[in-house]
Amino acid sequence: MSGATTAVTRPAVVHRYLAGVEGGHHVPTNGPFVLVCNHSSFADHFVIDALLDLLRDDPSFYFLTKAEAFVHPLRGRWTTSVGGIPVDRDQPGRELLASVDRVFSGGSTLVVYPEGTRGPGWPLLPFKDGAFRFAVRADVPVIPVGMWGVQHVLPKGANRPRRATARVVFGPPLAVDPTLPRPQRVAALGKAAREALESLVESARNPTPERDRQAAQELADLAEATVETMLSRTDTQPAARRMRQARLLLDLADLTGPGNIDARATRARLTGLRMMDAALPRRLAMMPKLRREAQRVVDAEPDHLMANYLLGRWHLSAPRPLGGKREQGLWHLRHVARIGAHDTRYPMAYAEALMKTGNDADAAEQLRGILDAPAPDARTADRKRRAADHYTRLAADGGGPTSTHVR
C-alpha cells in the first residue's frame, strides 16, 4: 500500500481553496487514528491531504473507497496511488481487515466517509458503521471533521475545480464508555460521530468572527510549536519540511483570522531562521525585511517576547549603515530577559550581548539565573552548559564571579 502522493498540490489547496480551519490541535501529530468526515466532493480528499500534511509528522493516510473505483485501469491506478483501499460493500472480507491493520500498525491515518458516498453537503446521508468497527477493533481514536464549501469547489459532474472556498472544522476525539460490549461501543461511536459531524458541518457553514480569531491563534500556536520542534535537536523530520509546515500554518492563520500578532511574530522568526542559512549577500538583503516584520509586532504589542528578542538580535548584528544600534539591541534584550526570565533563551541572549559589550558583571548575573533554572529539554540543557562555560571563562579572566559559583 502507498499513501497519498499529492504533495505538489498541497500549497495550492491551502491558498486557493481554504477560507478557514478550526480545531487543528485536535489532530494527533503521531500515531494511528480514524478520521471521519462528511463527503460531498472528490475535492474532500485533497483538502484532507493538505491539512494532514501540515498537522502530522507522517502525512500518509488511506481511505476506504468502493471496489468499483478500481475496475477502470486509469482510475484504479490513481485511486491506489493516493491511498485508496477497495471495499466490497456487499461482502467486506479478510483482505480489507488486513489492509486496515497495516494502516494502523504503520501509525497512519484511516480516512472514512461514513455516508458511504458523496452527498449534497447538507443534510448528511445515513451513516454506515465500518469506521467505528475498525476503530473499536484496533482501539484507536476517532476524530470527526466537518467541511463546508468543498461541494462548490468540485461539484458532482465537474472535471475542474471552480472558484470557491471551503471551511474545515476538526472536533475532539469521540468519547464513549470503554466498558461497553463491542457492539454497543460501535453503535455509541456511530451515534456520537453523527452528532459531532452535524455540529461541525453547521459550524463550518456559519463561521463567527470570534471563532475565527480563536482558530487563527490556534494555528499561530501550532506554527510556533512546529518551529520549536524543528529546533529541539530531537526532531525526526527534515528542517525544510518543518519550515514549510510552519509557513503554511501561518498562511492558514492569516486566511482564518487576519492580523494575529503571534502569527506575525513567527513569520518574522522564520525570516530570521532563513537569514541564518543564507549567504552573506542574501542575508544583508533580508535584514530590512526582518526588522520591518519584528518592529510591526512590537508597535502593536510592546511586550511581545519573540519580536523584542528578534529586534535585539537584529540591532546587535546589523551593520550601522543598515540601521543597527548596539544600545537599542541591548535595550530589547534587557527587556525580554526581565519579562521572559522563565525562558532561558532570553537571559542567555542578553548575557551574551553583555559579554560582547564588556559588561561582565551584569552578564554573570544573567548566567547565574540560567544555571539555577531547570532543564526540561535538550536545548535548555545545552544552553545551561554554554552558560557554565561562559561563567567559568569570566571567572578565569578575573572580570566576573569566582568559579565556585558554577554548578
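Reading the values: the criteria
Positions within a chain are numbered from 1, following the residues in the order the chain's sequence is written. Reporting in this predicted model follows two pLDDT cut-offs: at least 70 for local features of residues, and 80 or more for side-chain atom pairs to be given and counted; totals over whole chains, interfaces and linings ignore these cut-offs and use all residues. Side-chain descriptors were evaluated using all non-hydrogen atoms of the structure, hydrogens and water having been removed beforehand. Secondary structure follows DSSP: runs of H or I at least 4 residues long count as helices, runs of E at least 2 residues long count as strands, and numbering of each begins at the N terminus. Any two residues whose heavy atoms approach within 4.5 Å are treated as being in contact. Here the term buried applies to any residue with accessible area under 20% of the maximum for its type, exposed to any over 50%, and partly exposed to those in between, with areas from a 1.4 Å probe on protein chains only. Each reported salt bridge corresponds to a side-chain nitrogen of Lys or Arg within 4 Å of a carboxyl oxygen of Asp or Glu. Only protein atoms enter the 1 Å grid used here. Points where a 1.4 Å probe fits but cannot escape make up a cavity, open sets with protein on both sides within 12 Å along at least five of seven lines make up a pocket, and a residue lines them when an atom lies within 4 Å of a point. Grid points are joined across faces, edges and corners, and a volume is the space filled by probe spheres set on the points. Charged residues are taken to be Asp, Glu, Lys and Arg, nonpolar residues to be Ala, Val, Leu, Ile, Met, Phe, Trp, Tyr, Cys and Pro, and polar residues to be all remaining types, Gly included. At least two bridges found by DSSP between two strands is the condition for calling them paired. Fitting a line to C-alpha atoms yields each axis, with helices limited to the stretch in contact; the angle taken between N-to-C directions then spans 0 to 180 degrees. Handedness of a crossing is defined here by the sense of rotation of the near helix relative to the far one, left-handed for an anticlockwise turn of less than a right angle and right-handed for a clockwise turn. Only buried residues count toward a nonpolar core. Its members are Ala, Val, Leu, Ile, Met, Phe, Trp, Tyr and Cys residues joined through side-chain atoms within 4.5 Å.

**Student:** Which parts of the structure should I look at to understand the side chain of Asp53?
**Tutor:** As for its placement among the helices and strands, Asp53 is situated in helix α2 (residues 43–55). Look past the residues within four positions of Asp53 in its chain and what remains in contact with it is Arg10, Pro59, Arg241, Arg244 and Gln245.

**Student:** Would you mind going over unusual backbone geometry with me for this structure?
**Tutor:** Following Trp122, the chain continues to Pro123 via a peptide bond in cis, the omega torsion being 0°. You can see Pro123 is positioned in the loop between β5 (109–112) and α5 (130–138). In this structure, Asp139 takes a positive phi of about 55° despite not being glycine. As for its position among the elements, Asp139 is in the loop between α5 and β6 (142–148). Phi is positive for Arg233, close to 70°, though the residue is something other than glycine. Note that Arg233 resides in the loop between α8 (209–230) and α9 (239–256).

**Student:** Honestly, the environment of Ala158 in this entry has me stumped. Any pointers?
**Tutor:** Counting through the fold element by element, Ala158 comes out in the loop between α6 (150–153) and β7 (166–170). Here Ala158 falls in the buried class, since its relative accessible area comes to 19%. Taking the C-alpha atoms as reference, Ala158 lies 9.7 Å from Ser41; in sequence the two are 117 residues apart.

**Student:** Can you walk me through the pattern of salt bridges in this structure?
**Tutor:** One side chain can pair with another of opposite charge once the charged atoms of both are near each other. As enumerated under the stated definition, the model contains 24 salt bridges in all. Arg244 is paired through a salt bridge with Asp53; the nearest N and O atoms lie 2.8 Å apart. Placement of Arg244 in helix α9 and of Asp53 in helix α2 is noted, with a sequence separation of 191 residues between them. Salt-bridge contacts for Arg137 lead to Asp101; the nearest nitrogen and oxygen are separated by 2.6 Å.

**Student:** Any chance you could explain empty space enclosed by the protein here in plain terms?
**Tutor:** If you roll a probe as big as a water molecule over the atoms, it shows you where there is empty space left. Evaluation of the coordinates by the stated rule reveals two cavities of 30 Å³ or more. By volume, the second largest cavity amounts to about 30 Å³. Lining the second largest cavity are Leu35, Val47, Ile48, Leu51, Val145, Met147, Val168 and Phe170. Ranked by residue count, the leading element in the lining of the second largest cavity is α2, at three residues. Considered class by class, the residues forming the lining of the second largest cavity number eight nonpolar, no polar and no charged.

**Student:** Please explain the pairing of β7 as it appears in this structure.
**Tutor:** Along a regular strand, successive side chains alternate from one face of the sheet to the other. Along β7, five of the five residues are buried, which leaves the element largely enclosed by surrounding structure. Judged by which residues are buried, β7 turns out to be covered on both faces: Ala166, Val168 and Phe170 on one side and Arg167 and Val169 on the other are all buried. Relative to β7, strand β1 (residues 18–22) is paired through four bridges, and the arrangement is parallel. In the sheet register, Val21 faces β7, and the bridge partner there is Val168. The pairing of β6 with β7 spans four bridges and is antiparallel. Opposite Val145, over in β7, you have Phe170 as the bridge partner.

**Student:** What's the story with the layout of surface pockets in this structure? I'm lost.
**Tutor:** If you add up the space inside the largest pocket, you get close to 1100 Å³. If you trace the largest pocket, you find 32 residues lining it, with Gly272, Leu273, Met276, Tyr309 and Arg313 closest to the centre. Taken together, the elements giving at least two residues each to the lining of the largest pocket come down to α9, α10 (261–276), α11 (280–300), α12 (305–317), α14 (345–356) and α16 (378–397). Here the residues of the lining of the largest pocket sort into 17 nonpolar, two polar and 13 charged.

**Student:** Even after reading the chapter, I still don't get the sheet that holds β5, so can you show me in this structure?
**Tutor:** One key point about sheets: their strands pair by backbone hydrogen bonds, in either a parallel or an antiparallel sense. The seven strands lie next to each other as β1-β7-β6-β2-β5-β3-β4, forming an open sheet whose pairing is mixed. With one partner strand each, in any of the chains shown, β1 and β4 (84–87) form the two edges of the open sheet. Adjacent strand axes in the sheet meet at a mean angle of 25° when their direction is disregarded. On top of the sheet, helix α1 (residues 10–17) reaches β1 and β7; it is set at about 100° to β1, its chief contact. Along the sheet face, α2 touches β1, β2 (33–37), β3 (61–66), β5, β6 and β7 and points at about 165° away from the line of β3.

**Student:** I would appreciate a short explanation of the packing of α11 against α12 in the present structure.
**Tutor:** Packed helices, taken two at a time, are described by the angle between their axes plus the distance between the axes. Direction vectors running N to C along α11 and α12 enclose 145°, while the axes themselves pass 9 Å from each other. Crossing of α11 against α12: the hand is left-handed. On the side of α11, the interface is formed by Met287, Leu290, Arg291, Ala294, Gln295, Val297 and Val298, while α12 contributes Ala307, Asn308, Leu310, Leu311, Trp314, His315 and Ser317. Here the residues of the contact of α11 with α12 sort into nine nonpolar, four polar and one charged.

**Student:** So what exactly am I meant to see when it comes to α5 here?
**Tutor:** Residues three or four positions apart in an α-helix share a direction because the helix packs 3.6 residues into each turn. Along α5, the residues classified as buried are Ala131, Phe132, Phe134, Ala135 and Val136. Packed against the buried residues of α5 are β2, β3, α4 (94–105), β5, β6 and α7 (182–205). The positive-phi residue at the C-terminal boundary of α5 is Asp139, with phi of around 55°.

**Student:** Help me understand the nonpolar core, please; the structure alone is not making it clear to me.
**Tutor:** Grouped together as the largest cluster of nonpolar side chains are 47 residues, with contacts concentrated most on Leu18, Leu35, Ile48, Val168 and Phe170. When residues of this core are assigned to their parent elements, the largest contribution, eight residues, is made by α2.

**Student:** I would appreciate a short explanation of the environment of Pro59 in the present structure.
**Tutor:** In this fold, Pro59 is placed in the loop between α2 and β3. For Pro59 and Asn30, which are 29 residues apart along the polypeptide, the C-alpha to C-alpha distance reads 9.4 Å.

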